[in-house]
Amino acid sequence: MSYAKISASALAIAALSATAVSAQSRDNVQVAGSSTVLPYASIVAEAFGENFEFPTPVVESGGSSAGLKRFCEGVGENTIDIANASRAIREREVAACAENGVTDIIEVRIGYDGIVFASQLDGPAFTAFTPSDIFNALAPKVMVDGALVENPHTMWSDFNADLPAAEILAFIPGTKHGTREVFEEKVIAAGCEATGAMEAMIAGGMSEDDAEDACLEVRTDGRSVDIDGDYTETLARIDANSNGIGVFGLAFYENNTDKLKVATMSGVAPSTETIASGEYPVSRPLFFYIKKAHIGVIPGLKEFAEFFVSDEIAGPDGPLSAYGLVSDPELSATQAMIANEETM
Amino acid sequence: MTDATAGASTAQPRTRTSTSLLTPDSRTRRRNAAERRFKIYGLIAVSIGLLFLVLLLSTIIFNGLRGFQQTFVTVNVELLEEKLDKNGNRDPADLRKVSTFGYAPLIDAALESKLETLGLENPFAKASDLRKMLSAGAPAQVRDFVLENPDRIGETVTFRMLASSRVDGYLKGRVTRESIERDKNLDAAHLDLVDVMRESGTVRKSFNWDFILGADASESRPESAGIGVAMIGSFYMMLVVLGLSLPIGVAASIYLEEFAPKNRITDFIEVNISNLAAVPSIVFGILGLAVFIQFAHLPQSAPLVGGLVLTLMTLPTIIIATRASLKAVSPSIREAALGVGASRMQAVFHHVLPLAAPGILTGTIIGLAQALGETAPLLLIGMVGFIASNYPESIVDGFMSPNSAMPAQIFEWAKRADPAYYERAWGGIIILLCFLVVMNAIAIILRRRFERRW
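A. Geometry of the overall build of chain A. Along the backbone of chain A there are 15 helices and 14 strands. Taken along its principal axes, the extent of the C-alpha atoms in chain A is 80 × 55 × 45 Å. With 344 residues in all, chain A has 48% of them scored as buried.

This is the structure we're talking about:
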């Protein structure tokens, strides 16, 4: 008898607490999205919790696309307030958002991030690349002697005598990462044009759009490996393969200089300075997106956003810059935009 | 079959000549050799298993023990009134307005005066470069102290501050002068200072309770990250699992074992319970996301939701263990109880259940231990990330407000860029293993102490 009573009351308590939850309002800011933005967002969240009366915001990762998908699930306390993204939101995603009632979105650019190509410190001398080199190594079809053929290259030295005679093996970000888009646009597509492969495709009867899409493809014979996890996974792969080339964020590389060496791109070494000046070609802006409907409902949301882009945090001498973010020269415009709650 | 062979052997002429039991014939020798070989195979299998266990444990301990030690720097900070309380009225609201950025210059000054007393010169032109030796959390430590003790403003207070992860790595041998050459976070000049400060006792490595009790920290200060808040998250999740899966599991198994009619429906339920025990845990995670968060609108990342998901996972384990121990109670006990006039329910609750209790508890504890180490379902309900940063303020808060869990925290640390997180991940594994060993030991003790055999 007593057992039955105990289990009945346990169930009742569980049900009660569950209803209590829905009644209780959320008092912390919830953030999710890009794993590239995660370290920056968590540094800001920590400082925010220290300096304000609000609880420390919760920051989850999962990738830009996954974060924006959750962001667009709807308005309400059980949806996230901020989505981090290492690329701009797509039209398709804005439409999906609008369908679920998420209409007023504030876009905040926090700064720029460099994407670097790094390899094992003691591995072959991969010290200088151009977009053409990466395209020649990783595209499914490349130009050889003026003709577009299936990629015959197995060694880096096959197409560029300055590169070491090492097997081609590259670990590139998977498609759910925002980094992949930048890698495709700024490296693969640039190499496609520079080597003349795009022209050859168009001459071969492709429409310009199709050729652009075809340019972004990578070979599927195992020499280019998609990494769907984080940079630590790429690092572990590089550790195990001395011939491997990995794609990393600048901040990650700078934390692991004892294991990795970085390659220049078109002759420019990546650093916060060369990225800020635009000399280093492979960089991208980092964003976060705020649900305007949550401002005033979730305590601390606007304060957190303002704190994120304040000069003390995101400025050139702030902790974000110290960690590897290239600060945005137009930061004051962004600050004004958040203060006025200007939506996209 | 046996008859046939027996008949055949008697029909055959006897070929064996030796009749002494002391000299085995060739067939016996072969059988004995086969037995010896089998024993050796078994020994090899056991020793390979042991070897892997030793390898695993020694790797964990070797990598993880460093996480429990941390380098501290003793610094005397002058809490200047004109910086911290311009109005001089010690109003908490005014004191709060000075952010951690306002405290940084005080720490720079304190470090410089420390160098002076040691007879060293500051090799850096920029004041903040010297501060790279200390954790980025140092200003927050001073600020928290001032907010708690506003009356000490104006005095010089001694603080024991965490050294930055690179300095800590240098004392632990993870960071060397060669590896620092290409690192922009620390210079060789810092290490020269550290060498001198270490001799004078200003820089010292000691046991770090904050690793066990503290909150998670962002990537700019891995040295201050701890597993304490995630441990509390795990604790609340286990409360939910225990509070739900034990009564539900025991009630379900008592009904199925003692009262339910034997028919197709109960057979079907039984088969499904066994199947559920083998379902991968990530499936429960997706289910939890869909049912508890998207449908029931429970908060994300909350230990309550984590506990509910793990309850689903633990229930089959508990039901199977409970049914097995109910079955093991001899039928004579039931029959005797019924014989003296007890109802079936009285027979079960007064006689069968107490005898089955040790087995039920063992099953429950092992189920809980399994749930404690589970990570996969927690990934889907948002318990991985920079989450375990606030201690819960109340018991309700403990269930509702976002938190992580120990295995999820370890997973998160293993992903982070700074190599200092790597040793913390291993250290977290040591703590998690300690919990699992203790829980399993309790299960064994309960079984040994209270189990009855017939």
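Having seen it, we continue.
B. Main features of the overall build of chain B. In terms of regular secondary structure, chain B is built from 21 helices and four strands. Since a compact globule built from 454 residues should have a radius of gyration of about 22 Å, the 32 Å found for chain B marks it as more spread out than a globular shape. Principal axes of the C-alpha set define a box for chain B whose edges measure 110 × 65 × 40 Å. Once local pairs closer than 6 in sequence are excluded, the contacts in chain B between residues at least 24 apart make up 77%.

C. Representation of the environment of N136 of chain A. Residue and element names in this part refer to chain A. Position of N136 among the secondary structure elements: in helix α5 (residues 131–138). Note: C-alpha distance between N136 and D311 (175 residues apart in sequence) is 42 Å. Sequence-distant contacts of N136, defined by excluding residues within four places in its chain, comprise V142, H153, F159 and T195.

D. Summary view of the interface of chain A and chain B. Contact residues are listed per partner, giving 44 residues for chain A and 43 residues for chain B. For the side of chain A that touches chain B, the secondary-structure elements that each account for two or more residues are α1 (2–23), α2 (38–51), β2 (58–60), α9 (231–240), α10 (250–255) and α14 (319–323) of chain A. Take the side of chain A that touches chain B: its biggest share by element is 10 residues, from α2 of chain A. Looking at chain direction, β2 of chain A and strand β4 (residues 385–386) of chain B are connected through two bridges and run antiparallel. Bridging from a neighbouring strand, V59 of chain A pairs with F386 of chain B of β4 of chain B.

E. Looking closely at the domain arrangement of chain A. Residues and elements named next belong to chain A. Along its sequence, chain A is carved into domain 1 (26–113 + 285–339) and domain 2 (114–283). Placing a centre on the C-alpha atoms of domain 1 and another on those of domain 2 gives a separation of 29 Å. Listed per partner, the contact involves 17 residues of domain 1 and 16 residues of domain 2. Every element with two or more residues in the side of domain 1 that touches domain 2 is listed here: α3 (64–71), β4 (105–120) and α14. Ranked by the residues each element gives to the side of domain 1 that touches domain 2, the list is headed by α3, at three residues. Residues of the side of domain 1 that touches domain 2, tallied by class, amount to six nonpolar, nine polar and two charged.

F. Up close: unusual backbone geometry. A positive phi angle, close to 55°, is found at E341 of chain A, a residue other than glycine. For E341 of chain A, a count of 14 C-beta atoms within 10 Å gives the class partly exposed. Its identity as a non-glycine residue notwithstanding, H297 of chain B has a phi of 60°, on the positive side. Here H297 of chain B is to be found in the loop between α14 (281–295) and α15 (303–328). We classify H297 of chain B as partly exposed; it has 14 C-beta atoms within 10 Å.

G. Broad picture of the environment of V29 of chain A. Residue and element names in this part refer to chain A. Residue position: V29 is located in the loop between α1 and β1 (30–33). The buried category is assigned to V29, around which 26 C-beta atoms lie within 10 Å. Here the alpha-carbon distance between V29 and A85, two residues 56 residues apart in the chain, equals 17 Å.

H. Up close: the nonpolar core. Ranked by size, the top nonpolar core spans 166 residues in total, and within it V44, I188, F288 and Y289 of chain A carry the most contacts. The element contributing the most residues to this core is helix α12 (residues 228–259) of chain B, with 15 residues. Core analysis: the second largest hydrophobic core is formed by 29 residues, Y103, L111, A138 and V175 of chain B among them.

I. Seen up close, the domain arrangement of chain B. Residues and elements named next belong to chain B. One can read the domain layout of chain B as domain 1 (65–207) and domain 2 (228–450). If you look at the interface, domain 1 gives seven residues, while domain 2 gives seven residues. A per-class count over the side of domain 1 that touches domain 2 returns one nonpolar, three polar and three charged.

J. Structural view of the confidence of the model for chain B. Residue and element names in this part refer to chain B. Per-residue confidence for chain B gives a mean pLDDT of 88, with 96% of residues at or over 70. With pLDDT under 50 throughout, residues 1–11 is counted as low confidence; its partners more than four residues away or in other chains account for zero contacts. Scored as a complex, the prediction yields pTM 0.85 and ipTM 0.82.

K. Region of the structure containing the pairing of strand β3 (residues 82–85) of chain A. Residues and elements named next belong to chain A. Burial of β3 is two-sided: the residues I82 and N84 facing one way and the residues A83 and A85 facing the other way are all buried. As defined by bridge partners, β1 adjoins β3 across three bridges and the pair is classed as parallel. Bridge pairing in β3 places V31 opposite I82.

L. Structural view of the packing of helix α2 (residues 26–64) of chain B against helix α21 (residues 420–450) of chain B. Residues and elements named next belong to chain B. Following both chains from N to C, one finds α2 and α21 inclined at 125°, their axes separated by 8 Å at the closest point. Here α2 lies oblique to α21, going by the angle between them. Taken as a pair, α2 and α21 cross one another with a handedness that is left-handed. For the pair formed by α2 and α21, the contact residues are I60, I61, N63 and G64 on the first element and E423, W426, G427, I429 and I430 on the second. For the contact of α2 with α21, the class distribution of residues is five nonpolar, three polar and one charged.

M. Focus on the sheet that holds strand β1 (residues 69–78) of chain B. Residue and element names in this part refer to chain B. One open sheet holds the three strands; their spatial order is β2-β1-β3, and the pairing between them is antiparallel. Among the strands making up the open sheet, the edge pair consists of β2 (156–162) and β3 (203–207). For this sheet, the mean inter-axis angle between neighbouring strands, taken without regard to orientation, is 35°.

N. Spatial organisation of helix α17 (residues 344–372) of chain B. Counted at 1.5 Å a residue, the expected span for α17 of chain B with its 29 residues is 42 Å, but the 36 Å between its end C-alpha atoms falls short. The largest bend in α17 of chain B amounts to roughly 50° and is located at L353 of chain B, with the proline P354 of chain B lying one to four residues further along.

What counts, and where the lines are drawn
- Residues numbered from 1 in each chain as written.
- Chains lettered and ligands numbered in written order.
- Predicted model: local features only at pLDDT ≥ 70, side-chain atom pairs only at ≥ 80, totals over all residues.
- Helix = DSSP H or I, 4+ residues; strand = E, 2+ residues; numbered from the N terminus.
- Buried ≥ 20, exposed ≤ 12 C-beta atoms within 10 Å, placed from the backbone.
- Rg over C-alpha atoms; globule rule 2.2 N^0.38 Å.
- Contact = placed C-beta atoms within 7 Å.
- Pairing = 2+ DSSP bridges.
- Domains from an automatic or database assignment.
- Nonpolar A, V, L, I, M, F, W, Y, C, P; charged D, E, K, R; others polar.
- Core = buried A, V, L, I, M, F, W, Y, C linked by C-beta atoms within 7 Å.
- pLDDT = per-residue confidence, 0-100.
- Axes fitted to C-alpha atoms, helices over the stretch in contact; angles between N-to-C directions.
- Parallel < 35°, antiparallel > 145°, perpendicular 65-115°, else oblique.
- Left-handed = near helix turned anticlockwise from the far one by under 90°.
- Expected span 1.5 Å × (residues − 1).
- Bend = angle between axes of the 7 residues up to and from the residue.

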